[in-house]
Amino acid sequence: EHGIKLTPIARNIFLSAITRAGRHAKGVDPERREQLLPLAQDMWNEVETAKDADTFNAGLGAALNVCTVSKEPAALEWALELWKWANSTGFKLDDKKYCNYVMVLEAHQQHDQVN
């Protein structure tokens with residue numbers, strides 16, 4: 001612990017970066033993919049909620065992208081929790097967030113929930 005407080009924007013950048021790092025030229029690296037979810041959840045829990053809609057939506061999208069790439073069952077659970085929470089915050093979700101959420105459901109074979 002260095003006493004450095006990360007901002008929601010820094011968290012969003014981190015989540016996007018680790019999602020990209022989980023991929024390589026031929027798809028998703030299974031070893032890296034296993035590490036994505038715990039790193040993302042730790043960072044998400046460490047940083048305060050965004051105060052504006054744009055940063056909020058960017059963070060939610062980045063977290064949902066982690067859940068899409070991670071094939072762990074816990075990633076689907078986290079995505080469902082995030083989605084429920086996001087809809088209770090009062091922030092307006094932009095259209096891209098609905099697409100991000102559908103992509104999570106598809107990636108985790110939840111086809112009946114997509115239709």
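If you're wondering where the values come from, they're calculated on a predicted model, not measured in any experiment.

Digging into the overall build of the protein
Working step 1: The number of helices and strands found in the protein is 6 helices and 2 strands.
Working step 2: Mapped in sequence order, the helices and strands of the protein form the string α-β-β-α-α-α-α-α.
Working step 3: A globule of 115 residues ought to have a C-alpha radius of gyration of about 13 Å, and the protein, at 14 Å, matches this closely.
Working step 4: By its C-alpha atoms, the protein is 40 × 30 × 20 Å across when sized along the principal axes.
Working step 5: By residue count, 37% of the 115 residues in the protein fall in the buried class.
Working step 6: Here the analysis covers contacts within the protein between residues at least 6 apart in sequence; of these, 71% occur between residues at least 24 apart.
Working step 7: As presented, the protein carries roughly 7,100 Å² of accessible surface, and 53% of it is formed by carbon and sulfur atoms.
Working step 8: Of the side-chain charges in the protein, 13 are positive and 16 negative, and the distance between the mean point of each set is 5 Å.

Observations regarding the side chain of His108
Working step 1: Of note, His108 is situated in the loop between α5 (95-107) and α6 (111-114).
Working step 2: Since its relative accessible area comes to 11%, His108 is described here as buried.
Working step 3: The contact partners of His108, leaving out residues within four places of it in the chain, are Cys67, Ser70, Lys71, Glu72, Ala75 and Leu76.

Observations concerning the packing of aromatic side chains
Working step 1: Evaluated as defined, the whole model comprises 6 aromatic pairs.
Working step 2: Grouped by ring-pair contacts, the aromatic residues Trp44, Phe56, Trp78, Trp85 and Phe91 constitute a single cluster.
Working step 3: Directly above the ring of Trp44 sits Arg11, whose terminal nitrogen or CZ lies 4.2 Å from the centroid.

Looking at helix α2 (residues 30-46)
Working step 1: The first and last C-alpha atoms of α2 sit 26 Å apart over 17 residues, in line with the 24 Å expected at 1.5 Å per residue.
Working step 2: At Leu36, α2 shows its maximal kink, close to 30°; a proline, Pro38, follows between one and four residues later.
Working step 3: Of the positions making up α2, those classed as buried are Leu36, Leu37, Ala40, Met43 and Trp44.
Working step 4: Looking at the buried side of α2, the elements it contacts are α1 (8-21), α3 (53-69) and α4 (73-86).

A closer look at the nonpolar core
Working step 1: Residues Leu15, Leu60, Leu64 and Trp78 are the most contacted members of the largest nonpolar core, which totals 26 residues.
Working step 2: For this core, the secondary structure elements donating two or more residues are α1, α2, α3, α4 and α5.
Working step 3: Considering every element that reaches this core, the biggest residue donor is α3, with 8 residues.
Working step 4: Excluding residues that lie within four positions of it along the chain, Leu64 makes contacts with Ala79, Trp83, Lys97, Asn100, Tyr101 and Val104.

Concerning the packing of α2 against α4
Working step 1: Viewed as axis vectors pointing N to C, α2 and α4 meet at an angle of 25°, and their least axial separation amounts to 11 Å. Our classification of the angle between α2 and α4 gives roughly parallel. Regarding α2 and α4, the two cross each other, and that crossing is left-handed. Residues Leu37, Ala40, Gln41 and Trp44 of α2 form the contact with α4, whose own contacting residues are Ala74, Ala75, Trp78, Leu82 and Trp85.
Working step 2: Class assignment of the residues belonging to the contact of α2 with α4 gives a composition of 8 nonpolar, 1 polar and no charged.

Cut-offs applied
- Residues numbered from 1 in each chain as written.
- Predicted model: local features only at pLDDT ≥ 70, side-chain atom pairs only at ≥ 80, totals over all residues.
- Heavy atoms only, no water.
- Helix = DSSP H or I, 4+ residues; strand = E, 2+ residues; numbered from the N terminus.
- Rg over C-alpha atoms; globule rule 2.2 N^0.38 Å.
- Buried < 20%, exposed > 50% of the residue type's maximum accessible area, 1.4 Å probe, protein only.
- Contact = heavy atoms within 4.5 Å.
- Areas by Shrake-Rupley, 256 points an atom, 1.4 Å probe, with all protein chains shown as cover.
- Lys, Arg positive; Asp, Glu negative; His and termini not counted.
- Charge placed at Lys NZ, Arg CZ, Asp CG, Glu CD.
- Phe/Tyr/Trp six-rings, centres within 6.5 Å; stacked < 30°, edge-to-face > 60°.
- Lys NZ or Arg CZ within 6 Å of the ring centre and 35° of its normal.
- Expected span 1.5 Å × (residues − 1).
- Bend = angle between axes of the 7 residues up to and from the residue.
- Core = buried A, V, L, I, M, F, W, Y, C linked by side-chain atoms within 4.5 Å.
- Axes fitted to C-alpha atoms, helices over the stretch in contact; angles between N-to-C directions.
- Parallel < 35°, antiparallel > 145°, perpendicular 65-115°, else oblique.
- Left-handed = near helix turned anticlockwise from the far one by under 90°.
- Nonpolar A, V, L, I, M, F, W, Y, C, P; charged D, E, K, R; others polar.

Function-wise, these values are silent; they only describe arrangement.
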